[in-house]
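Reading the structure
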Amino acid sequence: MKHGADLGMLRTFLCVYRCGGVAKAAGLLGLSQPAVSRHLKALEGVMGRTLFDRLGRGVAPTQAGDLLAAQIATHLDALEDAVDALAPTGTNTPVLLGAPSDLLSVHVLPKLAPLLARGVDVHCRIGLSPELAQVLLHDELDLVAVTKIEQAPTRQLHLRHLCDEEFVLVGRAGEAPYTPENDTRRFIGYSPAMPMARRYFRVCWGIQPPAPGLTVADLRTVVAAVASGTGLGVVPRYLAQEALDAGRLSVLHTPVTPVSNSIYLATRRGREHLPQISAAFELLCRAA
């Protein structure tokens, strides 16, 4: 090449740029960390500029790094699309889709009928957003539903808005309103980190929520446990609404402004133009 940089160096650079670390990029590229570092050093030698500032954990792009990424990303992604397009495809090429169980059942599966009618097979995997995002980046899934609160690595993902969810703080019907100053009632969460409760408490009171007394990685089960009197919970309204309407649950706090969260449909950046993935995006996001 004219300036001595090859596509391997550029691909390595772009992967490090998008994931923010040499170790993560090495895992995604199937290279050793020293090999990734050598690619970066060689490219910086060709460019005559430092492309990343080395931090305690990870790297941050310099102005030259941002400029190079802006100039090459579209072209490298197009090359990957071209290679993917050469692979055998057909109407039976399956779409591998991942989502938390509640999102899958409420926001995704009811909208897939037209895709199935076209002869496209869809295979679903249930999991939590952080785990599914990592599986997606290793190309074990084509699409995942992820939430903003899970801090997905957006530089590596192509994201489109799927829907919004409102969070409500609920307890068994007849429970007293919740006041964080002196309330000792236990909480139920779908993970020890309780990201929904953490967001709700931060927005409403500027504090962290209590540690959960019970965790279960299924929000429908969380709702059922709250309705049985096991504890309180912060859950999406769409999952609690039936129990609220039936008088099994009560909303224990009403914020001035509803606390909401965005849900996105994601694929690994550069794969959004593949026919089956593009069709799923258009179908699901248009329906949303």
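It should be emphasised that the depicted structure is a prediction, and the values quoted were computed from it without experimental measurement.

1. Structural notes on empty space enclosed by the protein
To locate leftover empty space, one rolls a probe as large as a water molecule over the atoms. For the structure shown, the criterion picks out one cavity of 30 Å³ or more. Approximately 40 Å³ is the volume found for the largest cavity. What lines the largest cavity is Ile188, Gly189, Tyr190, Met194, Met196, Ala197, Leu219, Val222 and Val234. At the level of elements, β7 (187–189), α8 (195–205) and α9 (219–227) are the ones that each hand at least two residues to the lining of the largest cavity.

2. Some thoughts on helix α10 (residues 237–245)
Turning to α10, its buried residues number three or more, namely Leu239, Ala240, Ala243 and Leu244. Considered in projection along α10, the buried side chains sweep an arc of 130° and stay on one side of the axis. Summarising the geometry of α10, the exposed residues directed more than 90 degrees from the buried face are Glu242 and Asp245. Packed against the buried residues of α10 are α5 (101–108), β6 (157–172), α9, β9 (233–236) and β10 (249–253). Note on α10: the residue one or two positions beyond its end, Gly247, has a positive phi of about 80°.

3. Description of the environment of Thr184
With respect to the helices and strands, Thr184 occurs in the loop between β6 and β7. Taking C-alpha positions, Thr184 is 38 Å from Val135, a pair spaced 49 residues apart along the chain.

4. Describing the layout of surface pockets
The computed volume of the largest pocket comes to approximately 460 Å³. Considering the residues around the largest pocket, the lining is formed by 19 residues, among which Arg11, Cys15, Leu29, Glu80 and Arg268 are closest to the centre. Among the elements of the structure, α1 (7–19), α2 (22–29) and α4 (63–86) are those that each provide at least two residues to the lining of the largest pocket. For the lining of the largest pocket, the element with the most residues is α1, which contributes six residues. Split into classes, the residues belonging to the lining of the largest pocket amount to nine nonpolar, three polar and seven charged.

5. Quick word on the packing of aromatic side chains
Within this structure, the stated rule accounts for eight aromatic pairs. Judged by centre distance (4.9 Å) and plane angle (65°), the ring pair of Phe201 and Trp205 falls under edge-to-face. Here Trp205 and Phe201 lie together in helix α8, a separation of four residues that amounts to about one turn. The class for Phe201 is buried, based on a relative accessible area of 1%. According to the relative accessible area criterion, Trp205 is partly exposed, its value standing at 24%. Site record: aromatic cluster; members linked through ring pairs are Tyr178, Phe187, Tyr200, Phe201 and Trp205.

6. Some thoughts on the nonpolar core
By size, the foremost hydrophobic cluster in this structure holds 28 residues, and its most contacted members are Leu169, Phe187, Val234, Val235 and Leu249. Where this core is concerned, the elements lending two or more residues are β6, β7, α8, α9, β9, α10 and β10. Ranked by residue count, the leading element in this core is α9, at five residues.

7. So, the pattern of salt bridges
A full pass over the atoms with the stated rule returns 10 salt bridges. Between Asp142 and Arg271 there is a salt bridge, and its shortest N-O distance comes to 3.2 Å. In this pair, Asp142 sits in the loop between α7 (129–137) and β5 (143–147) while Arg271 sits in the loop between β11 (259–268) and α11 (275–287), placing the two residues 129 residues apart along the sequence. Taking the relative accessible area as the measure of exposure, Asp142 reaches 11% and is therefore buried. Judged by relative accessible area, which is 13%, Arg271 ranks as buried. Put simply, Glu175 and Arg185 hold a salt bridge, and the shortest N to O gap is 2.9 Å. With Glu175 in the loop between β6 and β7 and Arg185 in the loop between β6 and β7, this residue pair connects regions lying 10 residues apart in the sequence. You can call Glu175 partly exposed: its relative accessible area is 25%. Three or more residues are tied together by salt bridges with common partners; here these are Arg125, Glu131 and Glu140.

8. Quick look at the pairing of strand β3 (residues 95–99)
The element β3 is largely enclosed, with a buried count of four among its five residues. Pairing between β3 and strand β4 (residues 122–126): five bridges, direction parallel. Within β4, the position partnered with Gly98 by the bridge is Arg125. Where β3 and β5 come together, two bridges link them in parallel fashion. Counted as the bridge partner of Leu97 is Leu143 from β5.

Thresholds applied
Along every chain, residues carry numbers that run from 1 in the direction the sequence is written. Under the rules for a predicted model, residues below a pLDDT of 70 receive no local features and side-chain atom pairs below 80 are neither given nor counted, while totals for whole chains, interfaces and linings still include all residues. As a convention, hydrogens and water are excluded, and side-chain values are obtained from all of the structure's heavy atoms. Here the term cavity refers to a set of points on a 1 Å grid, laid over the protein atoms alone, in which a 1.4 Å probe fits but cannot get out; the term pocket refers to an open set having protein on both sides within 12 Å along at least five of seven lines, with lining residues being those that place an atom within 4 Å of a point. Grid points are joined across faces, edges and corners, and a volume is the space filled by probe spheres set on the points. By the criteria applied, helices consist of DSSP H or I runs no shorter than four residues and strands consist of E runs no shorter than two, each listed in order from the N terminus. Type-normalised accessible area, obtained with a 1.4 Å probe on protein chains alone, sets the label of each residue: buried when under 20%, exposed when over 50%, and partly exposed for intermediate values. What the arc covers is the set of directions going from the helix axis to the C-beta atoms. Should any heavy atoms of two residues lie within 4.5 Å, those residues are considered in contact. Charged residues are taken to be Asp, Glu, Lys and Arg, nonpolar residues to be Ala, Val, Leu, Ile, Met, Phe, Trp, Tyr, Cys and Pro, and polar residues to be all remaining types, Gly included. We call Phe, Tyr and Trp rings a pair once their centres come within 6.5 Å, taking the six-membered ring for Trp, and we label the pair stacked below 30 degrees between planes, edge-to-face above 60, and tilted otherwise. Among buried residues, the Ala, Val, Leu, Ile, Met, Phe, Trp, Tyr and Cys ones that are joined through side-chain atoms within 4.5 Å form a nonpolar core. The working definition used for a salt bridge is a side-chain nitrogen of Lys or Arg within 4 Å of a carboxyl oxygen of Asp or Glu. The pairing criterion for strands is at least two bridges between them, as found by DSSP.

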